[in-house]
Structures are given as C-alpha cells and as structure tokens.
Amino acid sequence: MARSLRKELWSSPNLITLVRIAAIPVFLVFTYYESRANSFIAALVYSATAATDFLDGWLARRKNLVTVIGKFLDPLADKLIAMAALVMLVHLGRVTAWVVIVVMAREFAVTGLRTIAMSEGIVIAAGQEGKYKTALQLVAIVFLLLHYPYPIDFVVATGVVDANRVGTTLLYLSVFFSVWSAWKYFAGFIDAVYRKDAQAARDEDEARRRAAR
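Residues numbered from 1 in each chain as written. Predicted model: local features only at pLDDT ≥ 70, side-chain atom pairs only at ≥ 80, totals over all residues. Heavy atoms only, no water.

## Describing the overall build of the protein chain
- Each helix and strand counted, the protein chain has nine helices and two strands in total.
- Secondary structure elements of the protein chain occur, N-terminal to C-terminal, as α-α-α-α-α-α-α-α-β-β-α.
- The buried share of the protein chain, reckoned over its 213 residues, is 34%. (Helix = DSSP H or I, 4+ residues; strand = E, 2+ residues; numbered from the N terminus. Buried < 20%, exposed > 50% of the residue type's maximum accessible area, 1.4 Å probe, protein only.)

Shown next as structure tokens:
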C-alpha cells in the first residue's frame, strides 16, 4: 500500500501532537500578560500540553499508527514546548539566560550524537538521569509559570508556597541532571564507537588467521 503524507499527518496520534504544538502560543500569551489568574491558566495549559506527551506515542503503538512524520513531530513538539516556555520565562526575568543556554546546548549536543550514533548503527539506551531531567524540568516550568506565592492550608501544614522559588530550585536540579545525562550519553557513545572498532579489528584478525591455516 502506497504511503500518503497527508494520511499520516492527519492520523489521530499526529493530530494530538499538532494540537500540542498549537497550544504553545496559548500559554505564552497568558504568561506574557501576567496576572495571578493568567499565570494559573498558563500553567494549566502547559501542564496539559506537556502531560499528554505519552498519549500520542501510546495511541500510535496501540493502533499501529507509527509513522515517519510522527517520529519527527513528537520529539520536536517536546522540545518546542519546553524551549518556548523557558525563553518566555527569561524574557520575563523569572529564569536566568545561562540556564536556558545550557539546556538548549544539551539538547543540540545529544540530538547530534543520536544522529551520528544511528548512522554508525549504534543504539545507546536512554539513562535514568534523562528521565529525572525531563520530570524535574516539567514540574519546574509549571511552578515558574504559576510564579506567585500561594497560601496552603492542609491538615498537616499551613503557610505560603512561593511558586517562583520552588520552580527555580527544581529547574536548577533539572539542569544538573541535564548535564549529567548528556555526559553519560557522550561517554556511552564514545565507548560504543571504540568497542565497535575494536570488535571489528578482532574479527578481521580472526578472519586472517583462519585464511592462513
């Protein structure tokens, strides 16, 4: 059966991904025109947009709708959502620029390494550090979008939660895991490349010894 770009693009998993991308300007507008109410709406939209990350992939596998365009759009959407939020937060003075530079540099570096690894036929499994980075970054951005202090009154605790301070702390933690996961990925890549070359050299020597017998 001939593949159709239009059919693949408008499949349900890819539609979800496109909706996630389309939601980016929504939470950016509410973030830019900041107020307590707008900040809450921005955080809510961002949470829904980021939290549905698993849905398109799960649906694609469940309905056997995995497509080439989907493999491109899904990780692109993840990066666009996070980067757009962080850049806006820098503009509003809630995040320092160097944090976003480090995060973006990490993404570019790891994406480049993955491309090279695939061209070399090398598969490097994602480490647990990357999962910690993603989870911390998501929660950090939600708190930074909330921004304002919020009173809490639970049975076990009462007081005020400074959303911006909590978000900043979590974001710094995510940067730590971001750098750590990048280093682990780079080390795994180097190890796999040289292990592959060493194995190829051993196989070649073994072939020569067999041919000489």
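And the narrative resumes.
## Focus on the packing of helix α3 (residues 24-32) against helix α4 (residues 36-51)
- Close contact between α3 and α4 brings their axes to 8 Å; oriented N to C, the two are set at 160°. As summarised for this structure, α3 and α4 are arranged roughly antiparallel, according to the angle between their axes. Relative to α4, the crossing made by α3 is left-handed. Of the residues in α4, those touching α3 at V26, F27, F30 and T31 are N38, S39, I41, A42, V45 and Y46.
- For the contact of α3 with α4, the per-class residue count stands at seven nonpolar, three polar and no charged. (Axes fitted to C-alpha atoms, helices over the stretch in contact; angles between N-to-C directions. Parallel < 35°, antiparallel > 145°, perpendicular 65-115°, else oblique. Left-handed = near helix turned anticlockwise from the far one by under 90°. Contact = heavy atoms within 4.5 Å. Nonpolar A, V, L, I, M, F, W, Y, C, P; charged D, E, K, R; others polar.)

## Description of the packing of aromatic side chains
- Under the counting rule described, the total for this entry stands at eight aromatic pairs.
- A ring pair is formed by Y32 and Y33, whose centres lie 5.1 Å apart and whose planes are at 90°; its orientation type is edge-to-face.
- Assessed through its relative accessible area of 55%, Y33 is described here as exposed.
- An angle of 25° between the planes, with centres 5.9 Å apart, marks the rings of F177 and W180 as stacked. (Phe/Tyr/Trp six-rings, centres within 6.5 Å; stacked < 30°, edge-to-face > 60°.)

## Digging into helix α8 (residues 128-146)
- Over its 19 residues, α8 extends 28 Å from the first C-alpha to the last, a length consistent with the 27 Å expected when each residue adds 1.5 Å.
- Within α8, burial applies to E129, G130, K133, L136, Q137, A140, I141, V142, L144, L145 and L146.
- Remark: H147 follows α8 within two positions and exhibits a positive phi of approximately 65°. (Expected span 1.5 Å × (residues − 1).)

## Examining the UniProt feature "transmembrane region" (unreviewed entry) in the protein chain
- When the UniProt feature table is mapped onto this chain numbering, "transmembrane region" (unreviewed entry) sits at residues 12-33, 39-59, 80-102, 134-150 and 170-194.
- As annotated, residues 80-102 comprises 78% helix and 0% strand, and the C-alpha atoms at either end are separated by 16 Å. (UniProt positions renumbered as here; feature names shortened; annotations may be inferred.)

## Here's the deal with helix α7 (residues 97-119)
- Along its 23 residues, α7 runs 33 Å from first to last C-alpha, staying within 8% of the 33 Å computed at 1.5 Å per residue.
- Taken as a whole, α7 has its buried residues at V99, V100, V103, R106, E107, V110, L113 and A117.

## A short note on a nonpolar patch on the surface
- Taken together, the side chains of F176, W180, W183, F186, I190 and Y194 make up a nonpolar region of the molecular surface, amounting to roughly 680 Å² of accessible area.
- Tracing the backbone through its elements, the reader meets F186 in helix α9 (residues 163-212). (Patch = residues over 30% accessible without salt bridge, like charges linked within 9 Å, V, L, I, M, F, W, Y side chains within 5 Å. Areas by Shrake-Rupley, 256 points an atom, 1.4 Å probe, with all protein chains shown as cover. Salt bridge = Lys/Arg side-chain N within 4 Å of Asp/Glu carboxyl O.)

## Topic: unusual backbone geometry
- Phi is positive for H147, close to 65°, though the residue is something other than glycine.
- By secondary structure assignment, the location of H147 is in the loop between α8 and β1 (149-153).
- Given a relative accessible area of 22%, H147 falls into the partly exposed group.

## Quick look at the layout of surface pockets
- In this structure, the largest pocket occupies an estimated 810 Å³ of space.
- Around the largest pocket sit 30 residues that line it, and D78, R114, G130, K133 and T134 are the ones nearest its centre.
- The set of elements that each furnish at least two residues to the lining of the largest pocket consists of α4, α6 (68-91), α7, α8 and α9.
- Composition of the lining of the largest pocket by domain shows at least three residues from each of domain 1 (1-93) and domain 2 (94-212). (1 Å grid on protein atoms, 1.4 Å probe; cavity = no way out; pocket = protein on both sides within 12 Å on 5 of 7 lines; lining within 4 Å. Points joined across faces, edges and corners; volume = space filled by probe spheres on them. Domains from an automatic or database assignment.)

## Observations regarding the environment of F177
- Along the chain, the position of F177 falls in helix α9.
- Residues F177 and E129 lie 48 residues apart in sequence; the distance between their C-alpha atoms is 5.7 Å.
- Excluding anything up to four places from it in sequence, F177 contacts E129, Y132, K133 and L136.

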